[in-house]
Amino acid sequence: MSEKKIHLYVDRQERTLLLHSLVELKNQLIQQGRYTDCVDELIFKVVNAPIKRMKVEYV
């Protein structure tokens, strides 16, 4: 059975907040002497994610 893909759409501010949070989590894991492989993969995916421009209308 194939894995289900989930797409997350975030704006510029949310992306920045997400990256800062992941880097902070990575620093905490390093201080605790734990592995950071999973967080490194997430940071890589967020940084290299394609940018898709969308028009959002507020009612």
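Our subject is the structure listed above.
The paragraphs below set out a description of the structure included in this document. What you see is a predicted model; the values in this text were computed from it and never measured.

Overview of helix α2 (residues 37–47)
Logical step 1: Those residues of α2 that sit buried are V39, I43 and V46. Projected down its long axis, α2 shows its buried positions confined to an angular sector of 65°, all on one face. What points out from α2, more than 90 degrees from its buried face, is the exposed set C38, F44 and K45.

Structural notes on a nonpolar patch on the surface
Logical step 1: The grouping of Y9, M54, V56 and Y58 at the surface amounts to a nonpolar patch, some 550 Å² of accessible area in total.
Logical step 2: Tracing the backbone shows Y9 in the segment before α1 (12–32).

Brief notes about α1
Because each turn of an α-helix spans 3.6 residues, side chains separated by three or four positions in sequence point in the same direction.
Logical step 1: Here α1 contains 21 residues, and its C-alpha end-to-end distance of 31 Å stays within 8% of the 30 Å for a straight helix at 1.5 Å per residue.
Logical step 2: Those residues of α1 that sit buried are L19, L22 and L29. Take α1 and look down its axis: the buried residues cluster within an arc of 90°, on one side only. In α1, the exposed residues that point more than 90 degrees away from the buried face are Q13, L17, H20, Q31 and Q32.

Remarks on the layout of surface pockets
Logical step 1: Here the largest pocket is characterised by a volume of approximately 1,200 Å³.
Logical step 2: Lining the largest pocket are 22 residues, with L8, Y9, V10, A49 and P50 positioned closest to its centre.
Logical step 3: The set of elements that each furnish at least two residues to the lining of the largest pocket consists of α1 and α2.
Logical step 4: Sort the elements by how many residues they give to the lining of the largest pocket and α1 lands first, with four residues.
Logical step 5: Taken together, the residues of the lining of the largest pocket sort by class into 14 nonpolar, one polar and seven charged.

Reading the values: the criteria
- Sequence order as written defines the numbering, with residues in each chain counted from 1.
- A pLDDT threshold of at least 70 governs which residues receive local features in this predicted model, and a stricter bar of 80 or more applies before side-chain atom pairs are shown or counted, although totals over entire chains, interfaces and linings include all residues.
- The basis for every side-chain value is the complete set of heavy atoms in the structure, and neither hydrogens nor water enter the calculation.
- Buried means the residue's accessible area, taken with a 1.4 Å probe over protein chains only, is under 20% of the maximum for its type, while exposed means over 50%, and partly exposed covers the values in between.
- Secondary structure elements follow DSSP: runs of H or I no shorter than four residues count as helices, runs of E no shorter than two count as strands, and numbering proceeds from the N terminus.
- Taken from the helix axis, the directions to the C-beta atoms give the arc we talk about.
- Patches here are clusters of residues that have more than 30% relative accessible area and form no salt bridge, with a 9 Å joining cutoff for like charges and a 5 Å cutoff for nonpolar side chains (Val, Leu, Ile, Met, Phe, Trp, Tyr).
- With residues, only the protein chains shown are counted as cover, and all accessible areas are computed by Shrake-Rupley using a 1.4 Å probe.
- For this document, the term salt bridge refers to a Lys or Arg side-chain nitrogen within 4 Å of an Asp or Glu carboxyl oxygen.
- To estimate how far a helix should reach, multiply one less than its number of residues by 1.5 Å.
- Grid spacing is 1 Å over the protein atoms alone, the probe is 1.4 Å, and a cavity is where that probe fits but cannot get out, while a pocket is an open set with protein on both sides within 12 Å along at least five of seven lines and lining residues have an atom within 4 Å of a point.
- Grid points are joined across faces, edges and corners, and a volume is the space filled by probe spheres set on the points.
- Side-chain classes follow a simple rule in which Ala, Val, Leu, Ile, Met, Phe, Trp, Tyr, Cys and Pro form the nonpolar group, Asp, Glu, Lys and Arg form the charged group, and the remainder, Gly included, forms the polar group.

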